[in-house]
Amino acid sequence: RLFQTHIDIVDDFDQDLIEQLLVLAKKHDFMIFEDRKFADIGNTVKHQYGNGIYRIASWSDITNAHGVPGEGIITGLKEVGLPLGRGLLLLAEMSSKGALTYGEYTTQTIEMARRNQDFVMGFITQRCINEHPDEDFIAMSPGIGLDVTGDGLGQQYRTPRQVIVESGCDLIIVGRGIYGKGRDVQAEGRRYQEAGWSAYQERISQ
Ligand SMILES: O=C(O)c1cc(=O)[nH]c(=O)n1[C@@H]1O[C@H](COP(=O)(O)O)[C@@H](O)[C@H]1O
């Protein structure tokens, strides 16, 4: 299980929040994924990842980055994250309408990951990326919804079955489908977990 954070939108952030999060992660056995989407040159992201108020690398097991600045972004993040045993996801394909993450951009992003397998563990993607028998990049997919197909701000939703069975992804990332306005968080959490698990079982039984 994975808990995704956007730490920079917490209004009352302090170090105690991190301490509490780490206690919960241990108690309930989940990993933490700060969805920071780094996108700057290696030297800058190195500091954004390791320093500042949030010190993301000190508590987040996984983070993610765009390939747009070139491979230096991975090298910079790796300098900080590898000694701490962290992992990186590259954004190969985004879920939003009109996203520019396709074609040659996506191809080159995947090649960057292949050259950095000591640190890049997978992708944010809408489909399975693995092509070679020895590749085991994890494919994590946001844009998951059982009840709606969009949010009016460009987000596009597919069902767990479409993403896991039809597109071969491994993990679904669900936000407002679980905690959206008026939703019963526990019931929705179970509903999405069950939908994801049954889709996964269908895929591996094929
Ligand atoms: O990197 C991400 O997690 C991400 C990539 C992407 O292409 N699309 C996308 O929606 N996300 C994130 O996934 C989550 C989706 O939230 P909901 O649309 O509420 O389910 C948000 O935290 C987004 O920032």
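*Asks:* Residues and numbers for the pairing of strand 3 (residues 62-65), please.
*Replies:* Side chains Ile 62 and Asn 64 of strand 3 all project onto a buried face; the interleaved residues Thr 63 and Ala 65 project onto the opposite face, where all are buried too. Direction of pairing for strand 2 (residues 31-38) relative to strand 3: parallel, over a ladder of three bridges. Bridge pairing in strand 3 places Phe 33 opposite Ile 62. With helix 2 (residues 42-50) bridging strand 2 and its parallel neighbour strand 3, the resulting β-α-β unit is right-handed. Bridge analysis of strand 3 against strand 4 (residues 87-91) gives four bridges, and the strand direction is parallel. Pairing of Asn 64 across the sheet is with Leu 89, part of strand 4. Running through helix 3 (residues 72-81), the crossover from strand 3 to the neighbouring parallel element strand 4 is right-handed.

*Asks:* Provide a residue-level description of the site of the ligand, including the pertinent values.
*Replies:* Close to the ligand lie 16 residues; His 6, Ser 95, Gln 155, Tyr 157 and Arg 176 are nearest. One nitrogen or oxygen atom from the side chain of Asp 35 is found 3.1 Å from an oxygen atom belonging to the ligand. A distance of 3.1 Å separates an oxygen atom of the ligand from a polar side-chain atom of Lys 37. Surface burial for the ligand is 89%, taken as the share of its 510 Å² of free accessible area covered by protein chains. In terms of residue class, the shell around the ligand is made up of seven nonpolar, six polar and three charged.

*Asks:* With reference to specific residues and values, describe the sheet that holds strand 6 (residues 138-141).
*Replies:* Strand order in the open sheet formed by seven strands is 1-2-3-4-5-6-7, with parallel pairing between adjacent strands. The two strands at the open ends of the sheet, each matched to only one other strand, are strand 1 (2-5) and strand 7 (171-172). Taken together, the two bridges between strand 6 and strand 7 define a ladder with parallel strand orientation. Across the sheet, the residue bridging to Ser 141 is Ile 172, located in strand 7.

*Asks:* Quick rundown of the confidence of the model for the protein chain? Include the residues and the values.
*Replies:* Taken as a whole, the protein chain shows an average pLDDT of 97; of its residues, 100% reach a score of 70 or greater. Across the interface, the model reports ipTM at 0.99; the global pTM reads 0.97.

*Asks:* Give me the nonpolar core: which residues, what numbers.
*Replies:* With 29 residues, the main nonpolar core has Phe 38, Tyr 49, Ile 74, Leu 77, Leu 88, Leu 90 and Phe 123 as its most contacted residues. Within the residue set of this core, elements represented by two or more residues are helix 1 (15-28), strand 2, helix 2, helix 3, strand 4, helix 4 (103-114) and strand 5 (120-124). No other element matches the four residues that helix 3 contributes to this core. Apart from the residues within four sequence positions on either side, Tyr 49 is in contact with Phe 38, Arg 55, Ile 56, Ala 57, Thr 63, Leu 77, Val 80, Gly 81, Arg 86 and Phe 119.

*Asks:* Explain the packing of helix 2 against helix 3 to me, using residue names and the numbers behind them.
*Replies:* Each pair of packed helices can be summarised by the angle the axes make with each other and by the distance between the axes. Contact pair helix 2 / helix 3: the axes reach a minimum separation of 7 Å and the direction vectors enclose 35 degrees. Like other packed secondary-structure pairs, helix 2 and helix 3 cross with a definite hand, here right-handed. From helix 2, Gly 42, Val 45, Lys 46, Tyr 49 and Gly 50 reach across to helix 3, where they touch Gly 72, Ile 73, Gly 76, Leu 77, Glu 79, Val 80 and Gly 81. Classifying every residue of the contact of helix 2 with helix 3 gives five nonpolar, five polar and two charged.

*Asks:* Describe the packing of aromatic side chains, naming the residues involved and giving the relevant values.
*Replies:* Inspection of the entire model under this criterion finds five aromatic pairs. Between Phe 38 and Tyr 49, the ring centres sit 5.6 Å apart and the planes meet at 70 degrees, which makes this aromatic pair edge-to-face. With Phe 38 in strand 2 and Tyr 49 in helix 2, the pair connects residues that are 11 residues apart, well separated along the chain. Residues Phe 38 and Tyr 49 agree in their burial class; the two are buried. Summarising the aromatic geometry, the rings of Trp 197 and Tyr 200 are spaced 5.6 Å apart at their centres and angled 35 degrees between planes, so their arrangement reads as tilted. Here the residue Trp 197 and the residue Tyr 200 both occupy positions in helix 7 (residues 185-204), the gap between them amounting to three residues, near one helical turn.

Cut-offs used in this document
- Residues numbered from 1 in each chain as written.
- Predicted model: local features only at pLDDT ≥ 70, side-chain atom pairs only at ≥ 80, totals over all residues.
- Heavy atoms only, no water.
- Buried < 20%, exposed > 50% of the residue type's maximum accessible area, 1.4 Å probe, protein only.
- Helix = DSSP H or I, 4+ residues; strand = E, 2+ residues; numbered from the N terminus.
- Pairing = 2+ DSSP bridges.
- Right-handed = clockwise from strand over helix to strand, strands pointing away.
- Near = heavy atom within 4 Å.
- Polar contact = N/O pair within 3.5 Å; in protein donor to acceptor, adjacent residues only side chain to side chain.
- Areas by Shrake-Rupley, 256 points an atom, 1.4 Å probe, with all protein chains shown as cover.
- Nonpolar A, V, L, I, M, F, W, Y, C, P; charged D, E, K, R; others polar.
- pLDDT = per-residue confidence, 0-100.
- Core = buried A, V, L, I, M, F, W, Y, C linked by side-chain atoms within 4.5 Å.
- Contact = heavy atoms within 4.5 Å.
- Axes fitted to C-alpha atoms, helices over the stretch in contact; angles between N-to-C directions.
- Left-handed = near helix turned anticlockwise from the far one by under 90°.
- Phe/Tyr/Trp six-rings, centres within 6.5 Å; stacked < 30°, edge-to-face > 60°.

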